[in-house]
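# A closer look at the structure
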Amino acid sequence: MAATPDQYAVIGNPVAHSRSPWVHAAFATQTGQALEYGCIAAPLDGFAAAVAAFAARGGRGLNVTVPFKLEAHALAAGLSERARAAGAVNTMSLREGRIEGDNTDGVGLVRDIERNLGFAFEGRRVLLLGAGGAARGVILPILEKRPASLVIANRTAEKARALADAFSAQACSAALAGCSLDGLRGGYDLIVNATAGSLQGESLPLPASANAGCALAYDMMYGAQPSAWMRAALAQGAARAADGLGMLVEQAAESFFVWRGVAPDTAPVLAALRTQLAGEGK
Ligand code: ATR
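What comes next is a walk through the structure. Residue indices begin from 1 for each chain and proceed along its sequence in written order. Only residues with pLDDT of at least 70 are given local features in this predicted model, and only at 80 or more are side-chain atom pairs given and counted; all residues enter the totals for whole chains, interfaces and linings. The basis for every side-chain value is the complete set of non-hydrogen atoms in the structure, without hydrogens or water.

Here we come to the overall build of the chain. Numbering of helices and strands runs from the N terminus, with a helix taken as a DSSP run of H or I at least four residues long and a strand as a DSSP run of E at least two residues long. Looking only at helices and strands, one finds 10 helices and 12 strands in the chain. For 282 residues, the compact-globule estimate of 2.2 N^0.38 gives 19 Å, and the C-alpha radius of gyration of the chain, at 19 Å, lies within 12% of that figure. Once the C-alpha set of the chain is aligned to its principal axes, its extents read approximately 65 × 40 × 35 Å. The proportion of buried residues among the 282 residues of the chain is 49%. Note that the radius of gyration is over C-alpha atoms, with the globule rule given as 2.2 Å times the number of residues to the power 0.38. Categorising residues by exposure relies on relative accessible area from a 1.4 Å probe, with only protein chains included: less than 20% of the type maximum marks a residue as buried, more than 50% marks it as exposed, and the intermediate range marks it as partly exposed.

Our next topic: helix α5 (residues 105-116). Counted at 1.5 Å a residue, the expected span for α5 with its 12 residues is 16 Å, and the 15 Å between its end C-alpha atoms agrees. Trailing α5 by a residue or two, glycine 118 shows a phi angle of about 70°, which is positive. Take the residue count of a helix, subtract one, and multiply by 1.5 Å to get its expected span.

Looking now at the packing of helix α1 (residues 20-31) against helix α10 (residues 266-280). Comment: axis = line fitted to C-alpha atoms, over the contacting stretch for helices; angle = value between 0 and 180 degrees taken between N-to-C directions. Running from amino to carboxyl end, α1 crosses α10 at an angle of 140°, the nearest separation of the two axes being 10 Å. Relative to α10, the element α1 lies oblique. By crossing handedness, the relation of α1 to α10 is classed as right-handed. Every residue of α10 that contacts α1 at Trp22, Val23, Ala26, Phe27 and Gln30 is listed here: Thr266, Pro268, Val269, Ala272, Leu273 and Gln276. Class assignment for the residues of the contact of α1 with α10 results in eight nonpolar, three polar and no charged. Roughly parallel here means an angle under 35 degrees, roughly antiparallel means over 145, roughly perpendicular means 65 to 115, and every remaining angle is called oblique. Take the far helix as your reference; a near helix turned counterclockwise from it by less than a right angle gives a left-handed crossing, and one turned clockwise gives a right-handed crossing. Any two residues having at least one pair of non-hydrogen atoms within 4.5 Å are treated as being in contact. Residue polarity follows a fixed list, in which Ala, Val, Leu, Ile, Met, Phe, Trp, Tyr, Cys and Pro are nonpolar, Asp, Glu, Lys and Arg are charged, and the others, Gly among them, are polar.

Attention now goes to the nonpolar core. In this structure, Leu109, Ile113, Leu128, Leu190 and Tyr218 are the most contacted members of the largest nonpolar core, which totals 32 residues. Looking at this core, the elements with two or more residues in it are α5, β7 (125-129), α6 (133-143), β8 (149-154), α7 (157-166), β10 (190-193) and β11 (216-219). Looking at this core element by element, the count peaks at six residues for α6. Once residues within four sequence positions are removed from consideration, leucine 128 is found in contact with Ala135, Val138, Ile139, Leu150, Val151, Ile152, Ala153, Val192 and Ala194. Among the buried residues, those of types Ala, Val, Leu, Ile, Met, Phe, Trp, Tyr and Cys that are joined through side-chain atoms within 4.5 Å form a nonpolar core. With 19 residues, the next largest nonpolar core counts Val10, Leu245, Val249 and Phe256 among its residues.

With that settled, consider the sheet that holds β11. Strand pairing is assigned whenever DSSP detects at least two bridges linking the two strands. Spatially, six strands are ordered β9-β8-β7-β10-β11-β12 in an open sheet, and the strand pairing comes out parallel. Strands at the two margins of the open sheet, each flanked by one partner only, are β9 (175-180) and β12 (241-242). Strand direction decides the pairing type here: β11 and β12, joined by two bridges, are parallel. Across the sheet, residue alanine 217 finds its bridge partner in β12, namely alanine 241. α5 contacts β10 and β11 of the sheet and is inclined by roughly 145° relative to β11.

Another aspect to go through is the sheet that holds strand β5 (residues 91-95). An order of β2-β1-β3-β5-β6-β4 is seen for the six strands of this open sheet, with the pairing classed as mixed. Where the open sheet ends on each side, the last strands, each with one partner, are β2 (35-41) and β4 (78-79). As defined by bridge partners, β4 adjoins strand β6 (residues 98-102) across two bridges and the pair is classed as parallel. Of the residues in β6, the one forming a bridge with leucine 79 is glycine 101.

Quick look at the site of the ligand now. Nearness here has a simple test: a residue counts as near a molecule or strand if at least one of its heavy atoms is within 4 Å of that partner. For the ligand, the set of nearby residues contains 15 residues, the closest of which are Ala134, Asn154, Thr156, Lys159 and Glu202. Counting of polar contacts relies on pairs of N or O atoms within 3.5 Å, with two restrictions inside protein: one atom must be capable of donating a hydrogen and the other of accepting it, and residues adjacent in sequence are counted only when both atoms are side-chain atoms. The separation between an oxygen atom of the ligand and a polar main-chain atom of alanine 131 is 2.9 Å. In the environment of the ligand, an oxygen atom lies 2.9 Å from a nitrogen or oxygen atom belonging to the backbone of alanine 134. Summarising the interface, the protein chains cover 73% of the accessible area of the ligand, which totals 650 Å² for the free molecule. Tallied by class, the residues present in the shell around the ligand amount to five nonpolar, seven polar and three charged. Only the protein chains shown count as covering a residue, and every accessible area follows the Shrake-Rupley method with a 1.4 Å probe.

Another point: helix α9 (residues 245-260). A rise of 1.5 Å per residue sets the reference length of α9, with its 16 residues, at 22 Å; its end C-alpha atoms lie 22 Å apart and thus fit the reference within 8%. Counting buried residues in α9 gives 14 out of 16 residues, a clear majority hidden from the surface. Glycine 261 lies just past α9 and shows a positive phi near 70°.

As a packed pair, α5 and α6 sit with axes 7 Å apart at the nearest point and diverge in direction by 55°. Classified by the angle between their axes, α5 and α6 sit oblique to one another. Here α5 runs over α6; the crossing is right-handed. Between α5, through Gly106, Val107, Leu109 and Val110, and α6, the contact on the second element is made entirely by Gly137, Val138, Pro141 and Ile142. The residue makeup of the contact of α5 with α6, split by class, is six nonpolar, two polar and no charged.

Centre distance within 6.5 Å is the pairing criterion for rings of Phe, Tyr and Trp, where only the six-membered ring of Trp is used; planes under 30 degrees apart are then read as stacked, over 60 as edge-to-face, and the remainder as tilted. As enumerated under the stated definition, the model contains five aromatic pairs in all. On the basis of an interplanar angle of 45° and a centroid distance of 6.4 Å, the ring pair of tyrosine 37 and tryptophan 259 is categorised as tilted. With tyrosine 37 in strand β2 and tryptophan 259 in helix α9, the pair connects residues that are 222 residues apart, well separated along the chain. Through a chain of ring-to-ring contacts, the aromatic side chains of Tyr8, Tyr37 and Trp259 assemble into a single cluster.

Laid out in structure tokens, this is it:
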């Protein structure tokens, strides 16, 4: 009798829309890894129980999505350095009753921007919009790429300043600062939108001048159509805009590597997912 393939899943609420099962199935086929990857909708008050039940069934790993990344961080017995810095966990490895927490979101963003979009961070001026969990998760991986500066701007300026303070020791040579959205002027090479604004289909209360001279405006959200924020950035002077579909595929690839020790080729998977998404938007 053939052995049961190793079991993985994405856990969240809601989670039915998640692309992760498709992406991981594509990685498994490409790399010849014997695994199955499902989808778990956990009750809002039942995350820990759902993780325990999955582990009891022999589950090997979980991707964690909204709204459980902070709970996953609290539940993990061990944390990688990047999960500790992010204050959140999106990748759990389950081994002999022990949960190891990792976070691949930040490396996913940086790889998409560097490798897929061809933008080099070193010496560049970076603006990060937002100061919630999504923003926090990408600060350390961006700083590790040695930009000249990283400005964190948020509707609630105090939260942006607090984040800048929290990462001051890791800033190396980069000038790191927090500020409000409305005071922004241009001069950024890269602008990353990590606010929840695009989710609600909104643009952000940003001065138009913030986009002047911007080489790449990157929205961490993705959809069949460019977001309102991407469209506004292009109209206001950004040379190029990209959504976060590549980040989704790259963070998945890093989780796959954490679990299986094999790095999938992300390019064909990203291209196929883009085609799929475009078809759904018609
Ligand atoms: P996530 O985990 O997705 O980052 P979060 O921790 O709730 O979610 O953070 C949401 C971020 O989006 C915050 O930076 C929030 O700004 P505030 O700190 O001022 O609340 C930002 N945000 C959400 N909706 C926004 C909007 N319409 N305009 C500007 N910023 C918005």
